[in-house]
Amino acid sequence: PQVTISDGSSRVSAVLSTGESVEVLLFGATVLSWKDAGGSEKLWLSKDTKLDGSKGVRGGIPLVFPLFGPASSNHEATSKLPQHGFARTARWEFLGKSTSEGSSSSVKLDFGLSSDGLAESVKALWPYKFGLLYSVTLDRESLNTTLVITNDGQESFDCQMLLHTYFNVKDISTVQITGLEDSKYVDKVDGAKIKTEVSSPVAVSGEMDRVYTPAKGPQHPIVISDFGRPSFRIVRDNLEQVVVWNPWSEKAQGMSDFTPMDGYKNMVCVEAGSVDGWQKLDKGDAFEGAQIIYIL
Ligand code: BG6
């Protein structure tokens, strides 16, 4: 595998000898692109996204930490943070690569962010000592993204994390998502009502913003089908929730960084996370959450 650092050292890309590739932006350690051997792009990325850390990337896989969604006065410790926290806009450090050649060719890229690396203005919003290690592993069939959160300070903190993956789809009207059967969800487009999924698979025919807790647990795969055939299988580790989000036409038009305007027809966010309640990390504790996405 070949690893290249480009764009004034703000992007790291890796290509396997068989042609599969991944590209990561150091702002947010955001995976921007993931292509199969034939060069077909697996992730959706808005043409007008910011890529300079002034805002989270609109597409790819933004990392949500330490807060999911907007801040709330009900949880004082995170009440000053911006929507989805600061990890998706902070500048991360590229820590290095590990590669393996041969029939099981793969490359792992490691990225780090710690409280020491944050701007003072961000530290003031959330003053805890933490370390984040994010590993992006590409092999011929899959992409694995793993986040390890450590509490490096004396004081305990609460956090949430989520891998906000924007999947590229051919036609949203044909998308079906399985693996959410009999699962409780919070319906954010219907006053945060708690509901239970009955329809299976889930289809998207309008604005959707749901926080599922899949009944079968993280190891049970979530499968996204598009145009009548399965295209992605997602297996989670330690991440109990799955958010399904599509802004649909009106909301997409209202977002300055969402282009083309009808791009909502070609994307669906299926986001693995730990976002129902809080992970409490005491001094020295760690939390690890991961997803593996297989191309089908
Ligand atoms: C999803 C949330 O994860 O992210 C939605 O469930 C939100 O409510 C969406 O609108 C996009 O968030 P942002 O901050 O990137 O516009």
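Everything numeric here is computed off the predicted structure, so don't read it as measured data.

### Quick look at the site of the ligand
Taken together, R58, F68, Q83, H84, R88, H164, K188, D209, V243, W245 and E271 are the residues near the ligand. Separating an oxygen atom of the ligand from a side-chain N or O atom of Q83 is a distance of 2.9 Å. Summarising the interface, the protein chains cover 84% of the accessible area of the ligand, which totals 390 Å² for the free molecule. A breakdown of the residues in the shell around the ligand according to their chemical character gives three nonpolar, three polar and five charged.

### Observations concerning the nonpolar core
General note: in soluble globular proteins, nonpolar side chains tend to be found buried as a group. By size, the foremost hydrophobic cluster in this structure holds 63 residues, and its most contacted members are W92, F111, Y134 and I149. A per-element tally of this core places strand 8 (residues 130–139) first, with five residues. With sequence-adjacent residues up to four places away left out, W92 is seen in contact with L26, G28, A29, L63, A87, F111, G112, L113, L132, Y134 and L147. If you look at the next biggest cluster of nonpolar residues, it comprises nine residues, including W245, A252, F258 and Y264.

### A closer look at unusual backbone geometry
Here the bond from F65 into P66 is cis, since omega is 0°, no more than 30 degrees from zero. Cis peptide bonds are those with omega within 30 degrees of zero, and the linkage from T259 to P260 qualifies with -5°. Non-glycine residue D7 carries a positive phi angle of around 60°. Position of D7 relative to the elements: it lies in the loop between strand 1 (2–6) and strand 2 (11–15). Looking at D7, the relative accessible area reads 48%, which means it is partly exposed. Phi at A192 takes a positive value of approximately 60°, unusual for a residue other than glycine. Locating A192 in the fold gives a position in the loop between strand 13 (184–187) and strand 14 (193–196).

### Remarks on the environment of G179
Position of G179 among the secondary structure elements: in the loop between strand 12 (176–178) and strand 13. Residue class for G179 comes out buried when judged on its relative accessible area of 6%. Here the alpha-carbon distance between G179 and P218, two residues 39 residues apart in the chain, equals 9.9 Å. Leaving out residues up to four positions away in the same chain, G179 has contacts with P214, H220, P221 and I222.

### Section: the sheet that holds strand 8
The nine strands lie next to each other as 6-7-8-9-21-18-17-12-15, forming an open sheet whose pairing is antiparallel. Strands with a single pairing partner mark the edges of an open sheet, and in this sheet they are strand 6 (93–100) and strand 15 (202–203). In this structure, strand 12 lies alongside strand 15, joined through two bridges in antiparallel fashion. Of the residues in strand 15, the one forming a bridge with Q176 is A203.

Each value, and the rule that gives it
- Residues numbered from 1 in each chain as written.
- Predicted model: local features only at pLDDT ≥ 70, side-chain atom pairs only at ≥ 80, totals over all residues.
- Heavy atoms only, no water.
- Near = heavy atom within 4 Å.
- Polar contact = N/O pair within 3.5 Å; in protein donor to acceptor, adjacent residues only side chain to side chain.
- Areas by Shrake-Rupley, 256 points an atom, 1.4 Å probe, with all protein chains shown as cover.
- Nonpolar A, V, L, I, M, F, W, Y, C, P; charged D, E, K, R; others polar.
- Core = buried A, V, L, I, M, F, W, Y, C linked by side-chain atoms within 4.5 Å.
- Buried < 20%, exposed > 50% of the residue type's maximum accessible area, 1.4 Å probe, protein only.
- Helix = DSSP H or I, 4+ residues; strand = E, 2+ residues; numbered from the N terminus.
- Contact = heavy atoms within 4.5 Å.
- Pairing = 2+ DSSP bridges.

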